[in-house]
Amino acid sequence: MSLAQVHYTSAAPGDGGTAGRFTAVGPGVSGALLAEIEPLVRYELPGGVPERPSDGELRSLPQAFGYFALSDGSRLVARSAPVRDTGGTGAGVRFHAHAVHLPPGVPLPGDRLPVEAWRSPHWVAATPGGATPDPLALPPGPAAVSEGLDDFAVSRGPWLAAVLADLRRASDAEATGGRPVVLVERQCADVARWLGLASVTLPRESAERLTFTTYTRRPGSSASRVVGVGPEDAGAARAAGLRVHECAGPAPAGSTEDVWATTAARVWRSRSPELFREARELPGEPFAAGPLAVTALCAGIALGPDGRAAAAAWAADRPYALDAQRTGQLVEAIASPGIDDRTAAEFDAAGRLFGALEGRCPASVTAPLAAMLVTEAVRGGNGSLELPRRDAFAGPEGAEVAERLGPEILTELADTVGSRSVARTVQLLRVARLLGVDGTESLPGVVDRLAPALLAEASVAHEGPPGFAPALLELLDEQFEVRTALLGALDRIAPQDPGAVARFLERVALPFTGTQALPHLRMCAEVPEAMATLGGDRAAVWHRVLRAAGLSPFAEPLVLRTAVGLVWEDRAPTVEEARLLLDAATSDSHRVAGTWARLVDAALSTSTAGTSATGTSATGTSATGTDEAARLAHDLLRGFPGEIGGRERAGLLLLDLVRELRTGAPEPGWAERVRTLCAQAEPVEPALRERAHAALVERLLAPDRPGAELYDFVHGADAELIAAYDRTARTASVRSRLRTQPAYAADCFTVWTAHPHAGRAWPPVAAALLDDVLRPAVRGMSAADVAEVEATVGRTGSSGRADAFRDWNRSSTLGRLGRRIAGRVRRG
């Protein structure tokens, strides 16, 4: 099909300031299209051009060869070239544009790409005779485009990958309307060569979307996807925020992360452009790196680690896409012993490839991959590798690898000094089995070190299974002897930190459903469901967890420690729970398990609720809890006399003394024992000290207390105890007894007046109690009760003490009478 042509010439001097005019227009090109075409074909001379250039200078000026998409779906292929102005003096420079219009859906002759017409001999520099030019049939020109591209690609090696990556992005169907990619070259022909590289490298549909112009002075306003500029315009392009590749300057620093582009650059530098066509015949996305990387490796082209990884990953997903010959070439290239820059991603991809090929290819084909993987697992420390199966090393290749790596594996497994991660240990054990390396002697030491490392690494990992979990479970599934030894080691250390083991089992479901007893592991596995089912009933949870062990605490006392640690990990049991624990086993069992210390904590922590003299704690707890704690303390002191010592023993003795003061007949010397035990229990909890003081003064305020104890208390001059006595004497219960029990009031009068010279602490307190507590109580009594108080004071003391009571009571009465008379006088 013939194509319409358009010719455009810049204005000559004296043309009235117009930019130029169309000198010939072929059929089918409308006026609207001409208005759209005109700015596309205009030409602006580079800077520094002489006013009257020589013929050589004129030929060296750049030519703008372009391919443009028009608004109606048609396209335009055009060349704008500088020409000598033959009018006037003939010394000036004008330009002539020659364009070919391609209607929608119509290709160039020979179905060639637009860039293949850039060297066509049919481009003319003058308007042909006649108003309408003849239709033009451009001859195909692939040879003209491909000629010298290999040399050009090699010369542009530092820029090759980055430019190809940007050309690929520019050819994307969604890139319409984006900013152009700018190629800076001294010769516009080199820009055309870049486009020639793109036409070979990119798929046909992508290359056809790549509109371009090889030369412009205004890249920022260009509608093309790729534009070429001279070095003098590179700065303006960068200032406009465009993606600029200054191929005419120093080599760029850094590299692109586009694996496809990097691989394509290596293919060009290897002068093998035919591989692009071969790669496009393989399945995959148009710009996937895998097909091109596979083709390059099979052709013997060395690639970097990203390219090799892409090839291995692609082949692993499509194990039937390559024939036997190319599969062997690919494996040989990936597993080559001369490569020393492999990455973890490459090894992972190689592991997937081995898994895909194993069983589908002869062992002789996959053996290099298997050897590479296990060598990396041992020497490279890559714990995430997908290892081959054991039968991959059944032949002579496996024996050679085992002979080479076996001693290294055993040496590292036997090392108990250096730090080794869980993943590393698991990987070494798995590789040892693959290669048939006998590690029986080192296994006990390995698992004794591995078991606590599992808990330590899992405790610092993020939520969910730790990274080593999949490989660990595979190891336990593969090796029965390792599973048995490791589970036994974990069961042995579980009583030391059962909470950590329980949290680990929640994240890693270890297989211990076999015949091993493993009582502690079974308890740790049971506790989450028991907690969820039974909620806050810790006693019920404890019973259920203990049953899961399958052993009686009488037969295996350590199950007590594990159960207590699981249920009361971060807190002390209540006194009721402690009583349950104490009664559940003998003192010998608790002694072996070490759980007696938890019982001591329970007794002492319960005692810190803070009971006041009224029998109610500051937190609202009744004195019943204190009594229970005191009884528990008594039983603990009797059951573990050799284990409990120090301040804990003193605290329990203090609690036991509280029990005796309230319910029994303690040994003489109450106040001194309270002071001594508080000192031995330092730092004693304030609430426990308060309870002991309260129990002591309550007993001292009782009518039946021994006089010797009261005398020791008063003359002991302990300010804290006396202050506690003062607080208790002022409570509502004491005041009520004073008002309603004359004998008790008489007793208190006798005590509070009996020791007027007992140090400095007691006399002011006693005097204040007489005035503030006893006097209001006596005032509220009937005359008969007051008389009974006086008589009781006389019987229990002496006539002089009875007289003292009358004087004390009379002074109060006279005082009230005097105040009344004074008031009446003031009112009169």
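Residues numbered from 1 in each chain as written. Predicted model: local features only at pLDDT ≥ 70, side-chain atom pairs only at ≥ 80, totals over all residues. Heavy atoms only, no water.

A. Representation of the overall build of the chain within the structure. Along the chain, the regular secondary structure elements total 38 helices and nine strands. Taking 28 Å as the expected radius of gyration for a compact globule of 828 residues, we find that the chain reaches 51 Å, considerably beyond that expectation. Dimensions of the chain, computed from C-alpha atoms along their principal axes, come out at roughly 160 × 95 × 40 Å. The buried share of the chain, reckoned over its 828 residues, is 49%. Total accessible area on the chain is roughly 37,300 Å²; 52% of this is exposed by carbon and sulfur atoms. Of the charged side chains in the chain, 86 are positive and 99 negative, and the gap between their average positions amounts to 8 Å. (Helix = DSSP H or I, 4+ residues; strand = E, 2+ residues; numbered from the N terminus. Rg over C-alpha atoms; globule rule 2.2 N^0.38 Å. Buried < 20%, exposed > 50% of the residue type's maximum accessible area, 1.4 Å probe, protein only. Areas by Shrake-Rupley, 256 points an atom, 1.4 Å probe, with all protein chains shown as cover. Lys, Arg positive; Asp, Glu negative; His and termini not counted. Charge placed at Lys NZ, Arg CZ, Asp CG, Glu CD.)

B. The confidence of the model for the chain, seen in detail. In the predicted model, the chain carries a mean pLDDT of 85, and the fraction of residues at 70 or more is 90%. Taken together, the stretch residues 609–622 has pLDDT below 50 and engages in 30 contacts with residues farther than four places along the chain or on a different chain. Residue range residues 814–828 is modelled with pLDDT below 50. Its contacts to residues more than four positions away, or to other chains, number two contacts. (pLDDT = per-residue confidence, 0-100. Contact = heavy atoms within 4.5 Å.)

C. View of the sheet that holds strand β7 (residues 212–213). Overall, mixed pairing links the nine strands, which are arranged β2-β1-β5-β4-β3-β7-β8-β6-β9 in an open sheet. Here the strands that pair on one side only, and so sit at the sheet edges, are β2 (20–25) and β9 (243–246). Its contacts with the sheet place helix α5 (residues 157–170) against β6 (181–184), β8 (226–229) and β9, and it is angled at close to 150° to β9. (Pairing = 2+ DSSP bridges. Axes fitted to C-alpha atoms, helices over the stretch in contact; angles between N-to-C directions.)

D. Fine view of the packing of helix α13 (residues 324–334) against helix α15 (residues 363–380). Axis separation between α13 and α15 bottoms out at 9 Å; the angle between their running directions is 20°. It follows from the interaxial angle that α13 and α15 lie roughly parallel. The two elements α13 and α15 cross, and the hand of that crossing is left-handed. Contact residues: T327, G328, V331 and I334 in α13; V365, P368, L369 and M372 in α15. Looking at the contact of α13 with α15, its residues break down into six nonpolar, two polar and no charged. (Parallel < 35°, antiparallel > 145°, perpendicular 65-115°, else oblique. Left-handed = near helix turned anticlockwise from the far one by under 90°. Nonpolar A, V, L, I, M, F, W, Y, C, P; charged D, E, K, R; others polar.)

E. Layout of the environment of R801. As for its position among the elements, R801 is in helix α38 (residues 799–827). Put simply, R801 and T753 are 48 residues apart on the chain and 9.1 Å apart in space, counted from C-alpha to C-alpha.

F. Here's a closer look at the packing of helix α17 (residues 422–435) against helix α18 (residues 443–460). In the contact formed by α17 and α18, the axes pass within 9 Å of each other and the chain directions differ by 140°. With respect to α18, the element α17 is oriented oblique. The way α17 lies across α18 gives a crossing that is left-handed. The segment α17 lies against α18, with V422, T425 and L429 engaging V446, L450, A453, L454 and E457. Across the contact of α17 with α18, the residue classes break down as six nonpolar, one polar and one charged.

G. Representation of the environment of P763 within the structure. Mapped onto the secondary structure, P763 falls in helix α36 (residues 762–779). P763 sits 10 residues away from T753 along the chain, and the two C-alpha atoms are 8.6 Å apart. The contact partners of P763, leaving out residues within four places of it in the chain, are H755, P756 and A758.

H. Quick look at the pattern of salt bridges. If you walk through the whole model with that rule in mind, you get 49 salt bridges. The salt bridge partner of E643 is R591, with a shortest N-O separation of 2.9 Å. With E643 in the loop between α28 (623–639) and α29 (646–663) and R591 in helix α26 (residues 587–593), this residue pair connects regions lying 52 residues apart in the sequence. Here the residues in one salt-bridge network are R156, E185, D190 and R193, joined through shared partners. (Salt bridge = Lys/Arg side-chain N within 4 Å of Asp/Glu carboxyl O.)

I. View of α29. Taking 1.5 Å as the rise per residue, α29 with 18 residues should run 26 Å; its terminal C-alpha atoms sit 26 Å apart, in good agreement. All of the buried residues along α29 are A650, G651, L652, L654, L655, D656, L657, V658, R659 and L661. (Expected span 1.5 Å × (residues − 1).)

J. A look at the packing of aromatic side chains. Tallying each qualifying case throughout the model produces 17 aromatic pairs. Residues Y8 and F22 carry aromatic rings whose centres are separated by 4.9 Å and whose planes lie at 70° to one another, so their mutual orientation is edge-to-face. Pair noted here: Y8 is in strand β1 (residues 4–10) and F22 is in strand β2, with a separation of 14 residues, a long-range link. When the ring of W260 is compared with that of F287, the centres are 5.1 Å apart and the planes differ by 90°; the resulting orientation is edge-to-face. Here F287 lies in the loop between α10 (274–280) and α11 (289–298) and W260 lies in helix α9 (residues 259–269), a separation of 27 residues in the sequence. Residue classification places W260 among the buried residues on the basis of a relative accessible area of 5%. Ring pairs connect the aromatic residues Y8, F22, Y43, F95 and Y215, which therefore count as one cluster. Lying over the aromatic face of F287, R168 brings its terminal NZ or CZ to 5.5 Å of the ring centre. Above the face of the Y744 ring, R737 is positioned so that its terminal group lies 4.1 Å from the ring centre. (Phe/Tyr/Trp six-rings, centres within 6.5 Å; stacked < 30°, edge-to-face > 60°. Lys NZ or Arg CZ within 6 Å of the ring centre and 35° of its normal.)

K. Inspection of the environment of R404 at higher detail. Inspection of the secondary structure assignment puts R404 in helix α16 (residues 396–414). For R404, a relative accessible area of 29% corresponds to the partly exposed category. Distance in space between the C-alpha atoms of R404 and L518 is 38 Å, their sequence separation being 114 residues. Leave out the neighbours within four places in its chain, and R404 touches T375 and R379. In this structure the side chain of R404 is engaged in a polar contact, spanning 3.4 Å, whose partner is the side chain of T375. (Polar contact = N/O pair within 3.5 Å; in protein donor to acceptor, adjacent residues only side chain to side chain.)

L. Geometry of unusual backbone geometry. The amide bond that connects E682 to the next residue, P683, takes the cis arrangement and shows omega of -5°. Here P683 shows up in the loop between α30 (670–680) and α31 (686–700). The phi dihedral of R271 is positive, around 55°, even though this residue is not glycine. Unlike most non-glycine residues, A717 shows phi in positive territory, near 55°. The partly exposed category is assigned to A717, whose relative accessible area is 41%.

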